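Structural features, examined
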Amino acid sequence: MALLRALEEPELLKLVDAHVNAMQAVPDLIFDLDADGREAGKVLEDGIHLAEGATVWTLLHELAHWLDPDGDGHTKKWADTFVDLVAKSISESSGNRLRAEFAGVRMNP
């Protein structure tokens, strides 16, 4: 499955390691959300919950939340982490485009 391979990519694992503190581990991926529901992904204490067919973008979005557990939603730190994950796992140009998109968005502090 493409999502699972994304977490096994050496560059992505290095990036996760750079963000993870000693108390965190790479999260479990739990495919239990309704694909027709409102949420494609969410982070809970036991891991990242995803709908079947969730995209790698959804995984990286939720992984950025996992890496900032004390964050309050979509903060600047979360956005920077999400952009880094996208740049390393999808492409640098995708990360740059995402960063440009976030430039005009007001984030939580």
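Residues numbered from 1 in each chain as written. Predicted model: local features only at pLDDT ≥ 70, side-chain atom pairs only at ≥ 80, totals over all residues. Heavy atoms only, no water.

1. Notes on the overall build of the protein
Helix and strand content of the protein: 5 helices and 3 strands. Reading the protein from its N end, one meets helices and strands in the order α-α-β-β-β-α-α-α. For the protein, the residues scored as buried account for 39% of the 109 residues in total. The contacts of the protein with a sequence gap of at least 6 include a subset with a gap of at least 24, amounting to 39%. On the protein, roughly 6700 Å² of surface is accessible, and the fraction owed to carbon and sulfur atoms is 51%. (Helix = DSSP H or I, 4+ residues; strand = E, 2+ residues; numbered from the N terminus. Buried < 20%, exposed > 50% of the residue type's maximum accessible area, 1.4 Å probe, protein only. Contact = heavy atoms within 4.5 Å. Areas by Shrake-Rupley, 256 points an atom, 1.4 Å probe, with all protein chains shown as cover.)

2. As for the sheet that holds strand 1 (residues 29-33)
Across the sheet, which stays open at both edges, the 3 strands sit in the order 1-3-2 with mixed pairing between neighbours. Edge positions in the sheet fall to strand 1 and strand 2 (41-44), since each of these pairs with one other strand and no more. In this sheet, neighbouring strand axes are inclined to one another by 30 degrees on average, regardless of whether the strands run parallel or antiparallel. As paired elements, strand 2 and strand 3 (residues 47-51) share 4 bridges and run antiparallel to each other. If you follow glycine 41 over to strand 3, its bridge partner there is leucine 50. (Pairing = 2+ DSSP bridges. Axes fitted to C-alpha atoms, helices over the stretch in contact; angles between N-to-C directions.)

3. Focus: helix 3 (residues 56-66)
In terms of residue burial, helix 3 counts as a mostly covered element, since 8 of its 11 residues are buried. Those residues of helix 3 that fall on the buried side of the exposure criterion are Thr58, Leu59, Leu60, Glu62, Leu63, Ala64, His65 and Trp66.

4. Digging into helix 5 (residues 92-103)
A turn of α-helix holds 3.6 residues, and therefore any two residues three or four places apart point the same way. If you check helix 5, its first and last C-alpha atoms are 16 Å apart, about what 12 residues at 1.5 Å a residue would give, namely 16 Å. Among all positions of helix 5, only Ser94, Gly95, Leu98 and Phe102 are buried. Down the axis of helix 5, the sector holding all buried residues measures 100 degrees, keeping them to one side. For helix 5, exposure combined with an orientation more than 90 degrees from the buried face picks out Arg97, Ala100 and Ala103. Considering only its buried residues, helix 5 is in contact with helix 3 and helix 4 (76-89). (Expected span 1.5 Å × (residues − 1). Arc of directions from axis to C-beta.)

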